[in-house]
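A look at the structure
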Amino acid sequence: MDAVFAQIQADLRSNDGLRQAGALLQALQHSAAGRDISAVSKCACDEIIASPASAVCKKLAFDLIRCTRLTNDQWETVCRGIKNDFDFPDPDVTAAGVSFLSAIPSHRLGRLITDCSKEISSCLVSESDNLRYAITETLGCILARDDLVFFCENNVNLLDRVSLWWKQIGDNMLASADAVAKVAFEAVGRLFQEFSSKRMSRLAGDKLVPSENSLAIRSNWVVAMANFVWNKRNLLLYRAMVLPIESFRAAVFPLVYAVKTVASGVVQDLQKLSGNSRGNDGSPRGPLEFGNAEKIVGVSDVVSHLVPFLSSLDPALVFEVAINLLSLADVPGGKPEWAMGSITAILTLWDRQEFSAARESIVRAVATNLQLLDIHTQVSLFKRLLLMVRNLRAESDRMHALACICRTALCVDLFAKESVRRGQKPHSGTDIASLFEDPRIKEDLNSVTSNSLFREELVASLVESCFQLSLPLPSQKSSGTESRVIGALAYGTGYGAMNWTESALEVVEVCRPCVIWDCEGRTYAMDCYLKLLVRLCHIYDTRGGVKKVKDGASQDQILNETRLHGLQKQLIKDLSQVNTPRVCARLIWALAEHFDLEGLDPLLADDPEDPLNIIISNMHKVLFSVDSSAPTATNRLQDVQAVLLCAQHLGSRYSRAAQLLTKELEDFRSSNLADSVNKHQCRLILQIIKWAGAPSARGDYPFSHHKLTVQYSETSTAQDRKLEGLVRTAIQELWRPVPSELTLLLTKGIDSTLVKPPPSAFALTGSSDPCYVEAYHLTDANDGRLTLHLKEPALTSVTVGVSGFERCALWVQVLYYPFYGMSVAGDVDDGEFLEEDSTHTMRHRRTSKPEFGEPVVLRCQPYKIPLTELLLPHKCSPVEYFRIWPSLPAVLEFTGAYTYEGSGFKATAALESEAPPFLSGLKSLPSKPFHQVCSHILRTVAGFQLCYSSRTWYGGFLGMMIFGASEVSRNVDLGDETTTMMCKFVLRASDASILNEISADLQEWLDDFTDEGVEYMPEEEVKAAAVERLRRSMEQIAILKAAQPPPQPPKEEEDNNLIPEEKPKEPSTLTTLTAEEAEHRALQVAILQEWQMFRTEQTTKVN
């Protein structure tokens, strides 16, 4: 292999272009085979890139060095070769060098484009189409990168140059060459898309902090390009129309985005972010001058040009045009016909089974934009859309589409009901039952067994949507699809607090067959259904019967309560068809507390069809079920507990139920199926039934699931939690999504807290060092990388990967050349013969060459990466946290302490700001990567318990509990009282290696997450402090005993016949003082003793 590489290097050193091209192709083959070609790449840098060569050889050489790692000297050679290529007469050679700019490392890119800015501007207006294509494509990739924006923040001249380049790229959209126009459209579209989705940092390879200046710079570029496209939209539309059909797709998004930005007024907010919303004379500038009529006409022009392409034969083009037209349908002046045409075209792709790679995207687009259509079209699409969703493979896309469908179904139902209340004509097929009346969907809901999870997902999504509807609707200030949805929901629920319950009542009626499903042990869908049923029964107070008009009930309320009572009776009849004791026990729970027992007919007490008899007979089945082969046998204890509580509810409310249940409980108590806990509980329930009254209904359903990160012995339980996580995530993202950073900045302005301050830099050099070096680091948890940025005269960055949760430190070594630039005499050059005074004289020219000299190695201080940087917050509920806490195998305990101001002005100021003063040492925790699960703070005794959860970059779980107890200092001054807070830290982790890294240096760990606010205390010191506190307490008790007055002799009583003699009391061995009084008296004695010593010292000094 060495001989092969030697021959390749020899061919590269030759001046024959064919031999060089062949050698480069051979080297690329070896690189593809996984061989090390570093020696060949060095030769390619010297002989091809840094030397004159053909365009083909240049492109092959650049492809070769992309496959290997270069040294600093080789990168210098590459940058020098690209600079020389800008002056090469062949534009194809220049185009090859320009195409490699996007692969230049960040620490060299800024200097290179600054030095070659004039040449780059010349390339953008070159007569060569190939060169303009290359420079436009390359700049479109690098101009939106975070590192380039960072360079522009610190270099005003470069910022002006980049702004000019964007204008030239915009001009290239009108270029005569189709290829140039296409890449110009792509460059502008990439700027728009990455700015709106906040994905620009991915191009740079790391995540830089979005500072205020970087946002202003990017906003300024977006505003400039949006104004350019808006002002020249007609020319751009006609230019895009003559592009080849495969290139036209690139022109759709930038045109639509710019027009939508201007028409919706977003460009005005972007101008505020950029700080450029006023002209030189103080008057508004830019799109603020556009009138509404002009905006509507501009949007209509774009739509009229794009609509014909909905009938194209290219599926990708149809989908691109339809998606962008949907985004224009909700701008001011938009029409439902635009959305209808786009959705029809997308559904045609589904029917023709074309563009199968975008099946999920097609369903997501239709489901998300369903609200843009009129109500009749929405109803007609429901059944079809449900069948489309049923065939999706991706779970997340299926859940999102189901969430959209369920929300739209509730919206349509509420809107139609409110329209009827206002006297409008009723719409047919808008109720919940009609929307899900497709034969295949209805058959799936009514069947007992099914291999598909779709019906469980549908029921869970419907119920969770009803719960979201019961909460206050989110506020929507901006226009768009979301505002239309929220407006329709508010229209249906705004005039009645109970209006949402009508739709929820239809949901529980439609989904009633779910209680008899056999889902192989899964219960999440049934739990959701029963939880909503309990909520409705509690709201309507069904245990009191149907209300009357004389009681103040409205006709709608009477109708709804009647329907709910009928549903309860049907569910009682369905108890005999329930497949598992677990679902049976939970259904009995949902009925026992809210069923109207007083409305039962006493003449039917012996009838087996009596509802109470049916409930008690099914309770008997659950209590005496001994089928150990059932999949729910492991949780029989939970089922028995639920049935026993149901017996308490029923027996306390109704006398006949008490008589029947007393016999059942006695039989169960005396059987071998009841353990000691069940027997004691039965005895307690019997006493409650006998003596206590009927408790009030609480409306509680305690069988909800919690998503945990541990493994389960039952497969069905794990599936339930997985389904719960998918459904709730989809519902939350749809109903109450977390706004993006850009949305918050546009609504709250540039002063938003999302504009993070740049990270603080740490000095790595001392005051006596010949140069000053600062550094800060950035992390990327997704890729597991750390990037160290050195703030030198030129920005330098180093990126390393972190393989595990471990302590990291980066050692920086700087080579300092103190003698750089000094001139030394060079060799004698060739003589130059000049003709002067008709005589030939030879003049020698001596040159001066700069040399680097001997370097001085400057070893900087190590840059330590805190362990907390390798953690991420892990959000979980308190129930989940305390259930997973005992199962974590690794445990670490240690103690820390800090002082705080216990009283006085500082403590009062802290109390006024609602920040307890005794938490001052832990005030930095909210900014650390820990999720605060719960807290218990006792202000009266200055104590607390804090629970935090986090996870490592690599999936390991870390839980932390902090217990704090305050201790008053012994020496109390007359001013502010200084108090010591003793903190007990208890850490549990899923892997022992996590705690091993933490325990290696506990003080450093405390410094990392408390910002040096807590000091570590070894166990020896903690024990010594406890002994000292005990000794002081014993001394105070001894002082108290010594300070007690001697017993006084009894006084002689005077003879008085009128006062009867009292019997003498026996001596008592118990003190009459309580513990608090004794402690208070001891403190008083100690203070008096200290004050006496202080007075004695003062008297001695005066004398």
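Residues numbered from 1 in each chain as written. Predicted model: local features only at pLDDT ≥ 70, side-chain atom pairs only at ≥ 80, totals over all residues. Heavy atoms only, no water.

**Digging into the overall build of the protein**
What counts, and what does not: For helices the rule is a DSSP run of H or I covering at least 4 residues; for strands it is a run of E covering at least 2, with both sets numbered from the N terminus onward. Summary of the burial criterion: residues with accessible area below 20% of their type's maximum are buried, those above 50% are exposed, and those between are partly exposed, where the area comes from a 1.4 Å probe applied to protein chains only. In this description, contact between two residues means that some pair of their heavy atoms is separated by no more than 4.5 Å. A 1.4 Å probe and the Shrake-Rupley method give the accessible areas. Residues count as covered only by the protein chains that appear here.
Tallying secondary structure elements over the protein gives 43 helices and 19 strands in all. Within the span of the protein, comprising 1103 residues, buried residues form 46% of the whole. Counting contacts in the protein only where the partners sit at least 6 residues apart, residues at least 24 apart contribute 70% of the total. Looking at the protein as shown, the accessible area adds up to about 56,700 Å², and 52% of this sits on carbon and sulfur atoms.

**Examining helix H16 (residues 245–263)**
This is how the line gets drawn: Take the residue count of a helix, subtract one, and multiply by 1.5 Å to get its expected span. Two axes are fitted around each residue, one to the seven residues ending there and one to the seven starting there, and the angle between them is reported as the bend at that residue.
When the terminal C-alpha atoms of H16 are compared, their 27 Å separation across 19 residues agrees well with the 27 Å that a helix rising 1.5 Å per residue should span. Ala-251 marks the point of greatest bend in H16, at about 25°, and the proline Pro-254 comes within the next four residues. Judged by how many residues are buried, H16 sits mostly within the fold: 14 of 19 residues are covered.

**Digging into the side chain of Asp-11**
Secondary-structure assignment places Asp-11 in helix H1 (residues 2–13). Residue class for Asp-11 comes out buried when judged on its relative accessible area of 12%. If near-sequence neighbours (up to four positions away) are discounted, Asp-11 is found in contact with Arg-19, Gln-20 and Ala-23.

**What about the packing of aromatic side chains?**
Threshold: Each Phe, Tyr or Trp ring (for Trp, its six-membered ring) is paired with any other whose centre lies within 6.5 Å, and the angle between the two planes then decides the class: stacked below 30 degrees, edge-to-face above 60, tilted in between. Either the NZ atom of lysine or the CZ atom of arginine qualifies as a charge over a ring when it sits within 6 Å of the ring centre and within 35 degrees of the ring normal.
All told, the structure shown has 17 aromatic pairs when counted by the stated rule. Ring centres of Trp-75 and Phe-100 lie 6.3 Å apart, and the angle between their planes is 25°; on these two criteria the pair is classed as stacked. Here Trp-75 is found in helix H5 (residues 72–86), whereas its partner Phe-100 is found in the loop between helix H6 (91–98) and helix H7 (106–115), with 25 residues between them in sequence. Residue Trp-75 is classed as buried on the basis of its relative accessible area of 13%. The class for Phe-100 is buried, based on a relative accessible area of 1%. Through successive ring pairs, a cluster of aromatic residues spans Phe-894, Phe-930, Tyr-948, Phe-985, Trp-1005, Phe-1009 and Tyr-1016. Above the face of the Trp-230 ring, Arg-233 is positioned so that its terminal group lies 4.1 Å from the ring centre. Directly above the aromatic system of Trp-735 lies the positively charged group of Arg-407, at a separation of 5.9 Å from the ring centroid.

**A few points about the pairing of strand E3 (residues 785–791)**
This is how the line gets drawn: We call two strands paired when DSSP finds no fewer than two bridges between them.
In terms of burial, E3 is largely enclosed, as five of its seven residues are buried. In the sheet, strand E2 (residues 774–780) pairs with E3 via seven bridges, with the strands oriented antiparallel. Among the inter-strand pairings, Leu-778 is bridged to a residue of E3, identified as Thr-787.

**Topic: the pattern of salt bridges**
Put simply, the test is: Each reported salt bridge corresponds to a side-chain nitrogen of Lys or Arg within 4 Å of a carboxyl oxygen of Asp or Glu.
If you walk through the whole model with that rule in mind, you get 33 salt bridges. Ionic pairing is found between Asp-178 and Arg-239, a salt bridge with its closest N-O pair at 2.8 Å. With Asp-178 in helix H12 (residues 178–197) and Arg-239 in helix H15 (residues 233–241), this pair connects stretches of sequence that are 61 residues apart. Judged by relative accessible area, which is 30%, Asp-178 ranks as partly exposed.

**Considerations on the nonpolar core**
Note the threshold: Put simply, a nonpolar core is a bunch of buried Ala, Val, Leu, Ile, Met, Phe, Trp, Tyr and Cys residues held in one set by side-chain atoms that sit within 4.5 Å of each other.
In this structure, Val-78 and Leu-532 are the most contacted members of the largest nonpolar core, which totals 232 residues. If you tally residues by element for this core, the top one is helix H29 (residues 524–540), at twelve residues. Aside from chain neighbours lying at most four places away, what touches Val-78 is Cys-45, Ile-49, Phe-62, Ile-65, Leu-70, Phe-100 and Ile-104. In terms of nonpolar packing, the next biggest core, distinct from the first, is built from 53 residues, Cys-771, Val-773, Ala-989 and Ile-994 among them.

**A word on helix H20 (residues 336–351)**
Here H20 contains 16 residues, and its C-alpha end-to-end distance of 22 Å stays within 8% of the 22 Å for a straight helix at 1.5 Å per residue. By the burial criterion, the buried members of H20 are Trp-338, Ala-339, Ser-342, Ile-343, Ala-345, Ile-346, Leu-347, Leu-349 and Trp-350. At the exit of H20 stands Gln-353, carrying a positive phi of roughly 55°.

**Some points on the packing of helix H3 (residues 38–49) against helix H4 (residues 55–65)**
Which entries qualify depends on this criterion: For every element, the axis is a line fit to its C-alpha atoms; helices are fit only across the contacting stretch, and the angle between N-to-C directions ranges from 0 to 180 degrees. An angle below 35 degrees is read as roughly parallel, one above 145 as roughly antiparallel, one from 65 to 115 as roughly perpendicular, and any other as oblique. With the far helix as reference, a near helix turned anticlockwise by less than a right angle produces a left-handed crossing, and one turned clockwise produces a right-handed crossing. By the convention adopted, Pro, Cys, Tyr, Trp, Phe, Met, Ile, Leu, Val and Ala count as nonpolar, Lys, Arg, Asp and Glu as charged, and the other residues, Gly among them, as polar.
Closest axis-to-axis distance for the H3/H4 pair is 10 Å, and the angle between their directions is 150°. The pairing of H3 with H4 is recorded here as roughly antiparallel in orientation. The two elements H3 and H4 meet at a crossing, and its hand is left-handed. Only Cys-57, Lys-58, Ala-61, Phe-62, Leu-64 and Ile-65 of H4 make contact with H3, whose side of the interface consists of Val-40, Ser-41, Ala-44, Cys-45, Ile-48 and Ile-49. Of the residues contributing to the contact of H3 with H4, the split by class is ten nonpolar, one polar and one charged.

**Describing the packing of H16 against helix H19 (residues 315–328)**
Interhelical geometry of H16 versus H19 gives an angle of 5° and a closest axis separation of 10 Å. As far as their axial angle goes, H19 and H16 are roughly parallel. On the side of H16, the interface is formed by Ile-245, Phe-248, Arg-249, Val-252, Phe-253, Val-256 and Lys-260, while H19 contributes Ala-316, Leu-317, Glu-320, Val-321, Asn-324, Ser-327 and Leu-328. The class makeup of the residues in the contact of H16 with H19 is nine nonpolar, two polar and three charged.

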